[in-house]
Amino acid sequence: MASREQIVAACDTYLAALSEGDVDTIIGLYADGARVEDPVGSPIKSGDAIREFYESTKNVSLKATRVGPVTVAGATAAFLFRLDVSVGDQDIVLASTDVMTFDDAGKVTSMTAIPDGDAYKDEPAS
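Bear in mind that the values here come from a model prediction, so they are computed numbers and not experimental data. (Residues numbered from 1 in each chain as written. Predicted model: local features only at pLDDT ≥ 70, side-chain atom pairs only at ≥ 80, totals over all residues. Heavy atoms only, no water.)

Engineer: Got a sec to walk through the pattern of salt bridges? Specific residues and values, please.
Structural biologist: Here the structure, examined in full by the defined rule, presents 5 salt bridges. Among the salt bridges present, the one from Arg82 reaches Asp84, with a minimum N-O distance of 2.9 Å. (Salt bridge = Lys/Arg side-chain N within 4 Å of Asp/Glu carboxyl O.)

Structure follows, in structure tokens:
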């Protein structure tokens, strides 16, 4: 089983790569056959659809900042982060809790994003 340190490092690498628009690093975190549900309730993405999903975000100015610790139970992790997004002349701030499962090598086998656009409703973008 992946260690807590491996899992936390993967979650932090994910957020840094998301902020940098580094799709190759994000894809490198995923195991073959991984599944992504972002946002929760949307169709499951797998295979090339995962890359396409992240490619669609790389030209958007965004900053993902973890809030609090990564919580780890066995091969599952959850972490809350603040997402500051600039789209044209509009700044959007939201919170998301992502839940990831990991294989023995520390690769992500599934990710579910639970975004909340109202969590920072009265706070300005950073």
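Further notes follow.
Engineer: Summarise the nonpolar core; cite the residues concerned and give the values.
Structural biologist: Formed by 32 residues in total, the largest nonpolar core has its most connected members in Tyr14, Tyr30, Tyr54 and Met111. When contributions to this core are tallied by element, the ones reaching two or more residues are helix 1 (4–20), helix 2 (23–29), strand 1 (30–37), helix 3 (48–55), strand 3 (61–73), strand 4 (76–87), strand 5 (90–102) and strand 6 (108–116). Looking at which element gives the most residues to this core, the answer is helix 1, with 8 residues. When residues no more than four places from it in sequence are discounted, the contact partners of Met111 are Tyr14, Tyr30, Arg35, Val36, Glu37, Asp38, Tyr54, Asp98, Val99 and Met100. (Core = buried A, V, L, I, M, F, W, Y, C linked by side-chain atoms within 4.5 Å. Buried < 20%, exposed > 50% of the residue type's maximum accessible area, 1.4 Å probe, protein only. Helix = DSSP H or I, 4+ residues; strand = E, 2+ residues; numbered from the N terminus. Contact = heavy atoms within 4.5 Å.)

Engineer: So, unusual backbone geometry: which residues are in play, and what are the values?
Structural biologist: In this structure, the amide linkage connecting Asp38 to the following residue, Pro39, adopts the cis form with an omega of 5 degrees. Here Pro39 shows up in the loop between strand 1 and strand 2 (45–46).

Engineer: Describe helix 1, and please don't skip the residues or the numbers.
Structural biologist: An ideal rise of 1.5 Å per residue puts 24 Å on 17 residues; helix 1 measures up with 24 Å between its terminal C-alpha atoms. Within helix 1 the residues assigned to the buried category are Ile7, Val8, Ala10, Cys11, Tyr14, Leu15, Ala17 and Leu18. (Expected span 1.5 Å × (residues − 1).)

Engineer: Outline the sheet that holds strand 5, listing residues and values.
Structural biologist: One key point about sheets: their strands pair by backbone hydrogen bonds, in either a parallel or an antiparallel sense. Spatially, 2-1-6-5-4-3 is the arrangement adopted by the 6 strands of the open sheet, whose pairing is mixed. Only two strands of the sheet have a single partner each, and these edge strands are strand 2 and strand 3. In this sheet, strand 4 lies alongside strand 3 in antiparallel orientation, the contact comprising 10 bridges. Each bridged residue has a counterpart across the sheet, and for Val67 the counterpart in strand 4 is Leu80. Packing against the sheet, helix 1 makes contact with strand 1, strand 3, strand 4, strand 5 and strand 6, and its axis sits at approximately 170 degrees to strand 3. (Pairing = 2+ DSSP bridges. Axes fitted to C-alpha atoms, helices over the stretch in contact; angles between N-to-C directions.)

Engineer: Summarise the packing of aromatic side chains; cite the residues concerned and give the values.
Structural biologist: Applying the stated criterion across every chain, the model contains 5 aromatic pairs. Note on Tyr30 and Tyr54: the rings are 6.1 Å apart at their centroids and 40 degrees apart in plane angle, and the pair reads as tilted. Taken together, the positions of Tyr30 in strand 1 and Tyr54 in helix 3 put the pair 24 residues apart, joining distant regions of the chain. Residue classification places Tyr30 among the buried positions, given a relative accessible area of 8%. When its relative accessible area of 1% is taken as the criterion, Tyr54 is described as buried. Counting every residue linked through ring pairs, the aromatic cluster contains Tyr14, Tyr30, Phe53, Tyr54, Phe79 and Phe81. In this structure, Arg82 is placed above the aromatic ring of Tyr120, and the distance from its NZ or CZ to the ring centre is 4.9 Å. (Phe/Tyr/Trp six-rings, centres within 6.5 Å; stacked < 30°, edge-to-face > 60°. Lys NZ or Arg CZ within 6 Å of the ring centre and 35° of its normal.)

Everything listed here is a matter of geometry and, on its own, says nothing about what the molecule does.
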